[in-house]
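Chains, contacts and geometry: an overview
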Amino acid sequence: MTACQAQRDSVSWDPSRGHRFVTSDGTALHVESSGPVDSEVTLVLVHGWTQDHRTWDGVVARLGPSIRVLRYDLRGHGGSAPAKPGTASIATLADDLAELIADHAPAGPLVLAGHSMGGMTIMELARRHPDLVAERVAGAAFVATSSGQMDRITLGLPGIAGTGAAKFERRLAKLLARQRRDALPLSPAMVRPGARFLVFGSHPRRSDVDSVTDQLLCAHPASVAGFQDAISRHDCKVALAALRGTPAVVLVGESDRLCPLAHAKVIADELPDAEFVRYPGAGHMLPQERANEVGDRILTLVRSVVRR
C-alpha cells in the first residue's frame, strides 16, 4: 500500500495538521491548515492536475506562520478519495471549493491562489458561485494556468509533433480511464524523465522533480483521465469578468509547455488591473521552481487585503 492509499483509508487524522472533509456527495477530501484561526484573511491554495497539496510546500514555508492557510487534495488526488463516476469535472471542483470555504472559513475575506487546474477551479467558482466571489474574495493569484483552449496545446513541440500533442493526451486519458487500480503501476524511475520534460523549465532541482513524480503516482488514474478531458473542454474566459477590480496577480513561466505564455496573457487581458509576472527559464511548476518568488507575490497580495 502506498503512503497516499494509506492516507485515503485512514480514519485517524492529526488535528494539528489535517483532517478529512466530506463533500455533499460523500467524497472525502484531505485538508491541511496552518496559521492562526483568528487571522483577518484566509488564504486558500488550490493545486493542479495530478498533484496534491504538497505542490505548495515551498510557498507556504515562504509565507511564514502568521498567515492562515487552507490547502487540500482535490478529489482523485493525493490523500482524497477518487472522483465518483461523472464528477471528474472542473464544475465539481468549484463546488467542492465552495463547500470547503463554507465549512472551514465561513466568514472574513479570502485570497484564492490556484496553480494550473487549481486556477481553472477558481475561475469556475466565479461562474458557479458569483455571490461568494463578490462578497468574500478580496484577492486572487493565477499561477501557470489557463482560461481555455487547452485542447490546442502543442507542448512546445514544432510541426507535426506539436499538432499531435492534443491527440496523444486524449489517447493517454482513454488508457488511464480503463485503469481499475488506485495508483498507476509505474515506478518513479519510469515517470521522472517525462515529468522533467513536460512540466519543468531549465535546471530543475532533483528534489522538485521527485516531488512532482511522487504526487503524480499518488493520483487516482481514472480520476486523472476524467479531469484531463475536463481540462480540454475548460472555457472560463468570460467568467473572469467577475474578478475585475479584485486585486490579482497572474504568474507564468516563459518555458511552460502546458499553460504557455499566450494563455496567461489572455487572463491578464481580462484582468487589466492584475499584476502580470513572467519568469524566464521557468516551466509549469512555478510553486516549486520559483517558490520564494511566488510566495512573495501571494504574501504581498494577502498583506494588501489586510491593509484595506
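Each remark here, short or long, concerns the structure printed above.
Since we're looking at a predicted model, the values are computed, not measured.

Details of the pairing of strand β3 (residues 42-46)
Counting buried positions over the five residues of β3 gives five, a clear majority of the element. Side chains Thr42, Val44 and Val46 of β3 all project onto a buried face; the interleaved residues Leu43 and Leu45 project onto the opposite face, where all are buried too. Assessed by its sense of winding, the connection that carries the chain from β3 through helix α2 (residues 57-63) to strand β4 (residues 68-72) is right-handed. Alignment of β3 against strand β5 (residues 110-115), held across five bridges, turns out to be parallel. Following the sheet pairing, Val44 is matched in β5 by Leu112.

What to know about the nonpolar core
Ranked by internal contacts, the top residues of the largest apolar core, which has 56 residues, are Tyr72, Leu97, Leu112, Leu125, Phe142 and Leu271. Of the residues forming this core, the biggest block, seven residues, is contributed by helix α3 (residues 90-104). Ignoring anything within four residues of it in the chain, the contact list for Leu271 reads Phe142, Leu240, Leu243, Arg244 and Ala248. By size, the runner-up hydrophobic cluster in this structure holds 27 residues, among which are Val60, Val249, Leu251 and Ile298.

Overview of the pairing of strand β2 (residues 28-34)
The buried fraction of β2 is high, at five of seven residues. As defined by bridge partners, β2 adjoins β4 across four bridges and the pair is classed as antiparallel. Looking across to β4, one finds that Ser33 is bridged to Leu70.

Brief notes about the pattern of salt bridges
What the rule picks out here adds up to 16 salt bridges. Here Arg75 makes a salt bridge to Asp25, at a shortest N to O gap of 2.9 Å. Here Arg75 is found in the loop between β4 and α3, whereas its partner Asp25 is found in the loop between β1 (18-22) and β2, with 50 residues between them in sequence. Among the residues examined, Asp25 registers a relative accessible area of 30% and is labelled partly exposed. Notably, a salt bridge pairs Arg62 with Asp296, separated by 2.9 Å at the nearest N-O pair. Separated by 234 residues along the polypeptide, Arg62 in helix α2 and Asp296 in helix α13 (residues 291-307) bring together distant segments of the chain. Of the residues examined, Asp296 reaches a relative accessible area of 31% and is grouped as partly exposed. Salt bridges sharing common partners tie together Asp25, Arg75 and Asp96.

Structural notes on the side chain of His115
In this structure, His115 sits in strand β5. Within the local environment of His115, its side chain forms a polar contact with the backbone oxygen of His284, the two atoms lying 2.8 Å apart. Filtering out sequence-adjacent residues up to four positions away, His115 remains in contact with Val46, His47, Gly48, Thr55, Trp56, Val143, Ala144, His284, Met285, Leu286 and Pro287.

A closer look at α13
Counted at 1.5 Å a residue, the expected span for α13 with its 17 residues is 24 Å, and the 24 Å between its end C-alpha atoms agrees. Every buried residue belonging to α13 is among Ala291, Val294, Gly295, Ile298, Leu299, Leu301, Val302, Ser304 and Val305, and all of these are buried.

As for the packing of α3 against helix α4 (residues 117-128)
Two numbers describe how α3 lies on α4: the axes approach to 8 Å, and their chain directions differ by 75 degrees. The angle between the axes of α3 and α4 places the two elements in the roughly perpendicular class. Between α3 and α4, the residues in contact are Ile90, Ala91, Leu93, Ala94, Asp95, Leu97 and Ala98 and Met117, Met120, Thr121, Ile122, Glu124, Leu125 and Arg128, respectively. Among the residues making up the contact of α3 with α4, the classes are represented as 10 nonpolar, one polar and three charged.

Cut-offs used in this document
Residues numbered from 1 in each chain as written. Predicted model: local features only at pLDDT ≥ 70, side-chain atom pairs only at ≥ 80, totals over all residues. Heavy atoms only, no water. Buried < 20%, exposed > 50% of the residue type's maximum accessible area, 1.4 Å probe, protein only. Helix = DSSP H or I, 4+ residues; strand = E, 2+ residues; numbered from the N terminus. Right-handed = clockwise from strand over helix to strand, strands pointing away. Pairing = 2+ DSSP bridges. Core = buried A, V, L, I, M, F, W, Y, C linked by side-chain atoms within 4.5 Å. Contact = heavy atoms within 4.5 Å. Salt bridge = Lys/Arg side-chain N within 4 Å of Asp/Glu carboxyl O. Polar contact = N/O pair within 3.5 Å; in protein donor to acceptor, adjacent residues only side chain to side chain. Expected span 1.5 Å × (residues − 1). Axes fitted to C-alpha atoms, helices over the stretch in contact; angles between N-to-C directions. Parallel < 35°, antiparallel > 145°, perpendicular 65-115°, else oblique. Nonpolar A, V, L, I, M, F, W, Y, C, P; charged D, E, K, R; others polar.

Purely geometric numbers; function is a separate question.
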